Amino acid sequence: MSLLHLVMGGRVTNPQTLEFQDLSSIELVGVYPDYASAEKAWRGAAQRTVDDAEMRYVIVHLHRLLDPAGEAQDPQVD
């Protein structure tokens, strides 16, 4: 199984949470085969909106959702 990582983001209701204001306007940055490339994309997206506290980008470990038993391991992330 590939170790897929999704990078996405959008405007949140509170900078302390991940409750997005409008799910239809979430930006899907991309899906990446490893954590290092996902982190690079995340940093680029987050840097573009660094002055906007209500914008939040995250890395979603898709492989953990697809393989909840943990058979696929990502060597760069615990």
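Further up the page is the structure itself.
All values derive from a computational prediction rather than experimental measurement.

Caption draft 1: Up close: the side chain of His5. Note on placement: His5 falls in strand β1 (residues 5-11). Among the residues examined, His5 registers a relative accessible area of 0% and is labelled buried. At a separation of 3.5 Å, a polar atom in the side chain of His5 contacts the side chain of His61.

Caption draft 2: Quick look at helix α1 (residues 35-48). In a regular helix each residue adds 1.5 Å, so 14 residues correspond to 20 Å; α1 covers 20 Å between its end C-alpha atoms and thus fits that length. Those residues of α1 lying buried are Tyr35, Ala38, Ala41 and Ala45. In a view along the axis of α1, the buried residues occupy a sector of 125 degrees, so they form one face of it. With respect to the buried face of α1, the exposed residues turned more than 90 degrees away are Lys40 and Gln47.

Caption draft 3: The arrangement of the pairing of β1 in detail. Most of β1 sits out of view: 6 of its 7 residues are buried. The sheet contact formed by β1 and strand β2 (residues 27-32) spans 5 bridges and is antiparallel. Opposite Val7, over in β2, you have Gly30 as the bridge partner. Bridge count between β1 and strand β3 (residues 55-61): 7 bridges; the pairing is antiparallel. The residue of β3 that forms the bridge with His5 is His61.

Caption draft 4: Fine view of the sheet that holds β2. Across the sheet, which stays open at both edges, the 3 strands sit in the order β2-β1-β3 with antiparallel pairing between neighbours. Whereas interior strands pair on both sides, the edge strands pair on one side only; in this sheet they are β2 and β3. Strand-to-strand, the axes of this sheet are offset by a mean angle of 15 degrees, without reference to chain direction. Taken strand by strand, α1 contacts β1, β2 and β3, and its axis lies near 170 degrees from that of β3.

Rules and cut-offs
Residues numbered from 1 in each chain as written. Predicted model: local features only at pLDDT ≥ 70, side-chain atom pairs only at ≥ 80, totals over all residues. Heavy atoms only, no water. Helix = DSSP H or I, 4+ residues; strand = E, 2+ residues; numbered from the N terminus. Buried < 20%, exposed > 50% of the residue type's maximum accessible area, 1.4 Å probe, protein only. Polar contact = N/O pair within 3.5 Å; in protein donor to acceptor, adjacent residues only side chain to side chain. Expected span 1.5 Å × (residues − 1). Arc of directions from axis to C-beta. Pairing = 2+ DSSP bridges. Axes fitted to C-alpha atoms, helices over the stretch in contact; angles between N-to-C directions. Contact = heavy atoms within 4.5 Å.

In short, the description is geometric, and any link to function would need to be established separately.
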